[in-house]
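# Remarks on the overall topology
The residues making up each chain are set out below.
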Amino acid sequence: MIPSSRLQIPKNDPTFIRTTLFNGLDNHFSKPLVSVVAGGGYGKTTLIANYLRFRNITTLWFSYHELNRDFPVIIELLEKGLSLEHAQQPELSILEAVAHWDQPLAIVFDDFHFVESPALRDFLLQLVQHASEYVTFVVISRQRPSFPYTKLKVQNRLAEINEMQLEFTPTELNDYFQQQCLSLKEHELELIHIKTCGWPASLPLILEAWKEASPKNRRWDWRMFPFSDLFEELETEMFTALSEVSSFLQLSSILHEWDHQIITTFSSEIPKEWSDGRLNQRFYIRKNKDGKQTYLPLFRMYLYEKLMETQGKQKVRELHLKAAKLYEADYHYYFAFAHYLAAYNYGDAARLMQKMMNLYTPERFILLLDGTLETICPSISMALFSHFLFRSVPVPILSSYIEPIKQTLSSLKKQGVSSSLVYLEHRLGIILYYSGEIVDAKNHFISSFEGSQLIGHSDLVSVNFALAAQCCRFSGKLEEGVTLAKKALTNIEQEGASDSRMHATWVLTELLLEQNELAHAEPFVEELLRLSHQYDDEGARVYPLIAIGKYFRLKGDFEKALLFTKQGMAEAEKFNLATDLGWGCLELGLIYFEQNEPLLAEQYLQRASEFFSHYSYFSSMVNQFLEKVRPFPKEFDSTITVRPLKSSKLTIKLFGSFQLQVNGKTIALQRKSSLRLLFYLAVQSQQKIPKDILVEELFGDGNYSSQNNRFYVSLSTLRKALEPDLGAARLSKYIIQSGEFIFLDKNECEIDLERFRLLVQPVIGQSNEERIDNLKKAVELYQGDLLAEYPYESFLDPIRETTKQSYLQILKELGKHYWGQKDITQGMHYYDLIIQQDEYAEDVYWEYIRLLLENGLVSSAQQIGSKMENVIEGELGIPIKDKLQGLFSSRNKN
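Bear in mind the structure is a predicted one, so any value in this text is a computation, not a measurement.

So, how was this worked out
Residues numbered from 1 in each chain as written. Predicted model: local features only at pLDDT ≥ 70, side-chain atom pairs only at ≥ 80, totals over all residues. Heavy atoms only, no water. Helix = DSSP H or I, 4+ residues; strand = E, 2+ residues; numbered from the N terminus. Buried < 20%, exposed > 50% of the residue type's maximum accessible area, 1.4 Å probe, protein only. Contact = heavy atoms within 4.5 Å. Areas by Shrake-Rupley, 256 points an atom, 1.4 Å probe, with all protein chains shown as cover. pLDDT = per-residue confidence, 0-100. Pairing = 2+ DSSP bridges. Core = buried A, V, L, I, M, F, W, Y, C linked by side-chain atoms within 4.5 Å. Axes fitted to C-alpha atoms, helices over the stretch in contact; angles between N-to-C directions. Parallel < 35°, antiparallel > 145°, perpendicular 65-115°, else oblique. Left-handed = near helix turned anticlockwise from the far one by under 90°. Nonpolar A, V, L, I, M, F, W, Y, C, P; charged D, E, K, R; others polar. Salt bridge = Lys/Arg side-chain N within 4 Å of Asp/Glu carboxyl O. Phe/Tyr/Trp six-rings, centres within 6.5 Å; stacked < 30°, edge-to-face > 60°. Lys NZ or Arg CZ within 6 Å of the ring centre and 35° of its normal.

### What to know about the overall build of the protein
From N to C terminus, the protein includes 43 helices and 14 strands. Expressed as a percentage of its 894 residues, the buried residues of the protein come to 53%. In the protein, of all internal contacts separated by at least 6 residues, the share reaching a separation of at least 24 is 66%. When the accessible surface of the protein is totalled, it reaches about 41100 Å², and 49% of it is carbon and sulfur.

In structure tokens:
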């Protein structure tokens with residue numbers, strides 16, 4: 001009956017029988033059409049071919065990857081496959097044959113996404129409508145064909161198989177590997193399922209990589225052989241793709257799913273292949289349970305690393321910040337929080353954390369703690385996340401999560417070792433540590449360490465070792481603590497978990513200082529000093545700087561002790577976290593005490609006690625020091641206070657018209673490259689900038705030697721303009737160079753952008769009145785867009801845009817506040833300012849009009865509506881007139 005090998009079921013090796021899918025296909029083949037749609041590597045062809053061969057169903061198989069796709073050729077092949085004589089009207093002959101067929105027959109159209117003939121599609125639908133009960137047509141495609149799906153379903157003529165059904169379940173994974181004589185443990189199967197989403201094409205690759213490896217050597221790495229071959233193919237595929245496609249794929253790897261609204265806002269260029277849904281024909285893209293497209297984790301990690309290579313860390317962080325703001329505006333707080341962390345924007349992350357803590361129940365908040373968050377952004381480090389998260393949440397709130405977490409852990413332990421169990425053990429340990437239950441905390445860290453070894457999470461192994469060592473520090477087991485801290489550092493050396501290095505080094509340093517082993521501590525102090533300049537989590541620099549201050553205090557060098565401890569306090573004040581400030585004040589109190597300044601010592605220790613008021617263990621420790629200080633006689637001096645850092649003498653105004661002044665005297669920079677260098681340092685004042693970044697960003701033309709020379713000439717010119725009498729560059733009090741890092745000294749500079757950032761950042765414990773007052777001051781500072789006179793400096797664009805969005809956000813917050821207070825004049829003032837700044841803000845217009853109508857200001861609402869219609873519909877072409885009229889009509893009826 002089948003005259004050509006081209007129409008036979010493809011030959012493939014005997015493969016794993018997927019019982020559940022086979023049973024489902026038994027039911028599906030009672031219908032005339034089965035649609036199997038999924039991306040590459042989902043085993044679509046393999047599944048259908050094995051099923052038809054296993055069930056011994058007569059089959060005609062058309063593979064459009066290999067066949068001539070012209071409609072007449074397909075018709076001719078159908079005639080021959082059905083053993084029909086060539087007729088004058090072959091389509092009619094085929095229709096009649098299919099309608100009267102009296103034995104099971106499958107007609108498969110494989111790689112249907114290659115079909116471009118509307119005639120073939122229409123003819124296939126006719127066949128489906130007239131086919132006898134014995135005939136089933138199967139369409140296998142990477143793209144959903146343009147069939148009338150709803151109509152076919154209503155007629156009970158269509159069954160569908162999608163990507164989610166084709167993905168291997170954990171049970172199927174276990175059966176598959178056992179059939180291949182590879183026995184895996186539950187946590188290994190869980191890891192494979194998380195990393196691959198059960199993608200069928202990955203399984204033989206994993207089998208090949210692990211079948212000869214001993215369990216302890218089964219390491220997970222997307223680069224591991226033979227995945228390297230897969231990504232070499234992708235490299236070639238991306239190289240031959242249009243540049244806009246390649247760029248889009250890399251850029252979109254920032255996002256964990258493709259929300260249409262988010263991605264069209266996030267990416268300035270949308271390739272046609274994405275718009276018409278054809279990207280998944282070439283790349284490993286799937287749909288998640290919510291029906292949104294997303295990358296397979298393996299492919300996403302590959303693309304993300306490519307993005308890091310091509311764009312650099314700084315640009316990738318800016319992209320994460322952009323994503324965070326988009327998600328927050330859309331009320332996706334978990335996603336926004338993850339991206340703020342990935343952008344190292346800890347101020348906004350802390351702000352959003354407080355919002356989530358107030359919004360969500362403990363059970364809901366546990367989603368942040370069980371490892372789910374790390375899947376949203378590939379670059380989130382367990383070490384950075386843990387160290388940040390639990391410093392930013394007050395202990396009374398943390399404590400409310402202890403019981404829900406314990407209940408969840410109890411349930412998870414019954415299921416065996418899993419990544420969720422290991423994460424929660426670790427994070428419960430941190431909560432208990434901050435709650436003062438040191439011994440219990442240590443037990444959880446050790447338990448989490450054992451689990452993290454099993455699941456191969458090297459970063460978590462190091463973090464758990466270091467935190468267990470920290471528990472030893474406070475429980476008096478210093479020798480054990482030193483051993484655990486050294487194990488953490490050894491693991492870091494072996495596994496390269498660099499994000500944990502500073503934390504583990506700091507813990508070891510503190511333990512050695514507790515033992516007064518200054519000689520042994522000295523090399524670690526030097527290492528801390530180097531690491532503190534390189535570390536990405538600015539807030540976590542507090543602790544190494546304070547530890548260095550402690551080292552010099554114990555050596556009796558109080559000048560250096562104060563210098564480093566105050567630097568630590570300056571870092572702590574950026575985020576205003578109680579624990580950070582408490583440790584800084586404690587160390588300052590001890591320094592002043594040993595300097596025979598008991599009044600200052602008591603003031604700082606008292607402040608430390610206040611910061612630690614909710615931390616019972618730390619509070620009692622500080623109170624013991626206070627008891628030692630208070631018996632000392634003190635001569636009261638009302639002029640002695642805990643003084644803030646002295647005000648700066650260099651003023652940099654970046655909003656609107658640029659101004660540069662020293663002691664009130666305006667400085668003019670004649671050299672353009674020096675001016676650009678100052679701009680870069682000023683807008684990035686929150687961080688220390690590697691020299692190579694400055695050279696690359698500002699002096700990109702020519703060879704490296706030429707770039708380097710121009711950089712140093714510009715830097716020297718800038719320093720001389722600011723400090724004409726400067727002798728040596730290292731003596732500059734404004735522009736500091738520490739190793740390979742260059743930055744402005746915040747203690748000597750006043751930058752309106754820096755002040756703006758501090759004012760808009762929420763502060764824990766801040767009253768609503770204080771918040772509103774700060775926002776109004778920030779509005780006063782915003783005298784125009786950032787460096788508005790310099791619109792063509794590309795490195796300013798992302799910061800200019802994020803600052804403007806922040807400004808618009810605080811205008812909205814102020815406007816809502818005053819509308820809520822029934823201060824209509826002020827409410828209107830701030831909404832008018834938003835529209836002045838962003839006349840295309842459609843959502844603001846709607847909200848403004850609604851508020852005006854609710855307060856009876858119909859005439860004002862009509863004026864805003866008229867302006868909106870002119871801008872949104874007249875200029876952008878978005879039809880809103882009918883909706884506006886409906887809004888006003890409904891208001892009139894009320």
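So, next bit.
### Observations regarding the confidence of the model for the protein
Taken as a whole, the protein shows an average pLDDT of 80; of its residues, 83% reach a score of 70 or greater. Within the model, the stretch residues 636–648 combines pLDDT values under 50 with 20 contacts to residues more than four positions away or in other chains.

### Side note on the sheet that holds strand β14 (residues 749–751)
One open sheet accounts for four strands, arranged β10-β9-β8-β14; its pairing is mixed. Edge strands, defined here as strands with exactly one partner in the open sheet, are β10 (665–666) and β14.

### Thoughts on the nonpolar core
Counting 81 residues, the largest nonpolar core has Y433, W583, L586 and F618 as its most contacted members. The dominant element in this core, judged by the number of residues it contributes, is helix α25 (residues 458–475), at ten residues. Leave out the neighbours within four places in its chain, and Y433 touches I438, A441, Q470, C471, F474 and F618. Counting 76 residues, the second-largest nonpolar core is a separate cluster that includes I689, L722, I751 and I834.

### Overview of the sheet that holds strand β4 (residues 135–141)
Within a sheet, neighbouring strands are paired by backbone hydrogen bonds and run either parallel or antiparallel to one another. Strand order in the open sheet formed by five strands is β2-β3-β4-β1-β5, and the pairing between neighbours is parallel. The sheet terminates laterally at β2 (58–63) and β5 (158–161), the two strands that pair on one side only. If you compare each strand with its neighbour and ignore which way they point, the axes differ by 15° on average. One ladder, built from five bridges, connects strand β1 (residues 33–37) with β4; its direction is parallel.

### Some remarks on the environment of L326
Along the chain, the position of L326 falls in helix α16 (residues 313–329). Discounting residues that sit within four places of it in the chain, L326 has contacts with I262, T265 and F266.

### As for the packing of helix α22 (residues 402–413) against helix α23 (residues 419–434)
Two numbers describe how α22 lies on α23: the axes approach to 10 Å, and their chain directions differ by 150°. It follows that α22 is roughly antiparallel to α23 by the angle criterion. Taken as a pair, α22 and α23 cross one another with a handedness that is left-handed. Residues I402, I405, K406, T408, L409, L412 and K413 of α22 lie in contact with α23, whose contacting residues are S420, L421, L424, E425, L428, I431 and L432. Looking at the contact of α22 with α23 residue by residue, the classes come out as nine nonpolar, two polar and three charged.

### So, the pattern of salt bridges
A side chain with one charge may pair with a side chain of the opposite charge, provided their charged atoms come close. Applying the stated criterion across every chain yields a total of 24 salt bridges. Put simply, K80 and E76 hold a salt bridge, and the shortest N to O gap is 3.3 Å. Of this pair, K80 and E76 both sit in helix α3 (residues 71–81), four residues apart, which is roughly one turn of the helix. Relative accessible area serves as the criterion here: at 44%, K80 is assigned to the partly exposed category. One salt bridge in this structure joins R501 and E493, with 2.7 Å as the shortest N-O distance. Here E493 falls in the exposed class, since its relative accessible area comes to 56%. Overlapping salt bridges, with partners in common, bring together R473, E510, E514 and K550 in one network.

### A few points about the packing of aromatic side chains
Under the counting rule described, the total for this entry stands at 40 aromatic pairs. Here F658 and F679 contribute two aromatic rings whose centre-to-centre distance is 5.0 Å and whose plane-to-plane angle is 85°, an arrangement assigned as edge-to-face. Within this pair, whereas F658 is found in the loop between β8 (650–653) and β9 (659–662), its partner F679 is found in helix α34 (residues 672–683), the two being separated by 21 residues in sequence. With relative accessibility at 16%, the residue F658 sits in the buried group. Classification of F679 by relative accessible area gives buried; the value is 1%. Sitting over the ring of Y149, R144 keeps its end group 3.7 Å from the ring centre.

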